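Here's the letter readout for the chains.
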Amino acid sequence: MHLSGKRIILGVTGSIAAYKSAPLCRLLKGEGADVQVITTRSAEDFVSPLTLSVLSGKPVLSEMISEDNTWNNHIDLGMWADLFLIAPLSAHTLSAFATGTCENLLQAVYLSARCPVFVAPAMDHDMYLHPATKQNLEVIKQRGQHIIGPAHGELASGLVGEGRMEEPEVILEKVISFFSANKPLAGKSIIVTAGPTQEAIDPVRFITNHSSGKMGIAIATSLVEMGAHVKLIAGPVQEKIPAGLIHIPVISADDMLQACIQHFPTADAAIMTAAVADYRPSTFSDKKVKKSEDDLQLPLSKTVDIAATLGKMKTKNQFLVGFALETNDEMVNAEKKLNSKNLDFIVLNSLNDKGAGFGTDTNKVTLIFKGNKNIDLPLMSKSKVASNIVESLVNLMHA
Ligand SMILES: Cc1cc2nc3c(=O)[nH]c(=O)nc-3n(C[C@H](O)[C@H](O)[C@H](O)COP(=O)(O)O)c2cc1C
């Protein structure tokens, strides 16, 4: 979901294209936006406020003073929104925008909005080509407002020409790219592995570890905030998976390996935070292993090293970040992994540091880069650690 947490006012005016505001509202909501619809009176001849209120999950506003005598505070609405999108925009409301007329709620919000304004004009070909319309569009464009379309095609009048409102999908795309345009990882695809893996012994037992997935989820969240397209390949975790990313759940080390091999070739980077099992039971018993008088020997086989596998697959335009959790000879072991797995940097956390490691909300790490460059971070929240790791990755990717 690319619009999580974004507050959007969807203004709808009296054009035949107003019916397209319903799918547009649905698309915006589907991307996680909080949508408040404001209609003009004329718009309600073309699309039902009931439809728009059901799709947006909020009552549709239209009047400055509602029937129950409450004031729909246009100033608050103008300050609430992160973006004001008027789709469709009629020639009449366009003219009001250009001159600063304020005779309905939608026009009042236009004047008080502090956020960016996007408009999708929709009208017949000749109306669109009229010098008055062209001039009005030029006026609002000069004010920095964003004009989407109109498109060329068949019009409601039966004519063919310019004036058709852009399709809802195109409008959605423009809104999404506006929000992510200035973010440092816009357009980048990054995979993150997180959590433990479970290696089955029999249908009821497995070998696992204490990883909670918190660090990987914090990194994935930070990457999403930076505008990246994130795929989170996570073993079984209790933590809530954040919105705005693609969650690929896996169970075993082998599942995680297969998912990474599948998704890495199209990624710009991968951050490997998962605590992947190094060994799995050599055989899987499809019946529960029975308790006996004797001790049980459980032969284990080595799993494939996922980070090292991706290190071999890595092209010169890709970046790979690993994690090392060590209990002794921390620096030496971490540097070994950095080189043998062809990583761009490795994040070392030591279980000897208080507040670091599994299950905690804090971590204390050292970022180790090639060429003996290290960044020692103090004990901080996992989300702050995540921001530091992501910042280092951004610097490498933009270097
Ligand atoms: C059937 C019909 C279709 C219309 N389609 C459009 C249109 O696509 N674009 C437009 O600018 N005006 C169109 N109009 C005219 C507007 O509805 C009219 O100018 C109205 O006052 C606009 O009010 P508003 O801008 O406050 O919503 C249409 C009118 C009718 C009756």
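The following refers to the structure shown.

Rules behind the numbers
- Per chain, residues are indexed from 1 in the order of the written sequence.
- Where totals are concerned, whole chains, interfaces and linings use all residues; where local detail is concerned, this predicted model gives features only for residues with pLDDT of at least 70, and gives and counts side-chain atom pairs only at 80 or more.
- Side-chain numbers here rest on the full set of heavy atoms in the structure, without hydrogens or water.
- Helix and strand assignments follow DSSP, with helices taken as H or I runs no shorter than four residues and strands as E runs no shorter than two, numbered in order from the N terminus.
- The globule rule used here is 2.2 Å times the number of residues to the 0.38 power, and the radius of gyration it is set against is calculated over C-alpha atoms.
- Relative accessibility under 20% of the residue-type maximum defines a buried residue, over 50% an exposed one, and the middle range a partly exposed one, all with a 1.4 Å probe and only protein chains included.
- Any two residues whose heavy atoms approach within 4.5 Å at even a single point are treated as in contact.
- Note on areas: Shrake-Rupley, 1.4 Å probe, and residue coverage restricted to the protein chains presented here.
- Lys and Arg are tallied as positive, Asp and Glu as negative. Neither His nor the chain termini are counted.
- Every charge is mapped to an atom, namely NZ of Lys, CZ of Arg, CG of Asp or CD of Glu.
- When at least one non-hydrogen atom of a residue lies within 4 Å of a molecule or strand, that residue is treated as near it.
- Nitrogen and oxygen atoms within 3.5 Å of one another constitute a polar contact, given that in protein one can donate a hydrogen and the other can accept it, and given that sequence-neighbouring residues count only through two side-chain atoms.
- Following the grouping adopted for this structure description, the nonpolar residues are Ala, Val, Leu, Ile, Met, Phe, Trp, Tyr, Cys and Pro, the charged ones are Asp, Glu, Lys and Arg, and the polar ones are all others, Gly among them.
- By convention, a stacked pair of Phe, Tyr or Trp rings (six-membered ring in the case of Trp) has centres within 6.5 Å and planes under 30 degrees apart, an edge-to-face pair has planes over 60 apart, and any other such pair is tilted.
- Comment: arc refers to directions from the helix axis out to C-beta atoms.
- Only strands that DSSP links by at least two bridges are regarded as paired with each other.

1. Digging into the overall build of the protein chain
Part 1: The number of helices and strands found in the protein chain is 13 helices and 21 strands.
Part 2: Compactness check: the protein chain gives a C-alpha radius of gyration of 27 Å against a globular reference of 21 Å for 399 residues, more than 25% above the reference.
Part 3: For the protein chain, the spread of C-alpha atoms along the three principal axes comes to 85 × 50 × 45 Å.
Part 4: The buried share among the 399 residues of the protein chain stands at 48%.
Part 5: Within the protein chain, contacts between residues at least 6 apart in sequence are counted, and of these 66% link residues at least 24 apart.
Part 6: When the accessible surface of the protein chain is split by element, carbon and sulfur atoms take 52% of a total near 19,600 Å².
Part 7: When the 37 basic and 41 acidic side-chain charges of the protein chain are each reduced to a single mean position, those positions are 5 Å apart.

2. Quick look at the environment of C25
Part 1: Position of C25 relative to the elements: it lies in helix α1 (residues 21-30).
Part 2: Relative accessible area serves as the criterion here: at 0%, C25 is assigned to the buried category.
Part 3: When the C-alpha atoms of C25 and L379 are compared, they prove to be 44 Å apart, with 354 residues separating the residues in sequence.
Part 4: Beyond its immediate sequence surroundings of up to four residues, C25 is in contact with L10, V35, V37, L52, L55 and S56.

3. Some points on the site of the ligand
Part 1: Around the ligand there are 14 residues in total, and G14, T40, S90, A91 and T93 lie nearest to it.
Part 2: For the ligand, an oxygen atom lies 2.6 Å from a polar atom in the side chain of T40.
Part 3: In isolation the ligand exposes 640 Å². Once the protein is present, 63% of that is buried.
Part 4: A per-element tally of the shell around the ligand places helix α4 (residues 91-99) first, with three residues.
Part 5: Partitioning the shell around the ligand into residue classes produces six nonpolar, eight polar and no charged.

4. So, the packing of aromatic side chains
Aromatic ring pairs are defined here through the distance separating the ring centres and the angle between the ring planes.
Part 1: For the structure shown, the criterion picks out four aromatic pairs.
Part 2: A ring pair is formed by F178 and F179, whose centres lie 5.5 Å apart and whose planes are at 70°; its orientation type is edge-to-face.
Part 3: Judged by relative accessible area, which is 29%, F178 ranks as partly exposed.
Part 4: The rings of F118, F178 and F179 are connected pair by pair, giving a single aromatic cluster.

5. Quick notes on helix α10 (residues 253-263)
Part 1: A253, M256, L257, A259, C260 and H263 are the residues of α10 that are buried. Viewed along the axis of α10, the buried residues span an arc of 165°, placing them on a single side of the element.
Part 2: Elements that come into contact with the buried residues of α10 comprise β8 (189-194), β9 (199-200), β11 (229-234), β12 (246-249), β13 (269-272) and α11 (306-313).

6. Some words on the sheet that holds strand β2 (residues 34-39)
Part 1: Here five strands make up an open sheet; going across it, the order is β2-β1-β3-β4-β5 and the pairing parallel. The open sheet has two edge strands, β2 and β5 (146-147), and neither has a second partner.
Part 2: Here strand β1 (residues 7-12) pairs with β2 via six bridges, running parallel. Paired with V12 across the two strands is T39, which belongs to β2.

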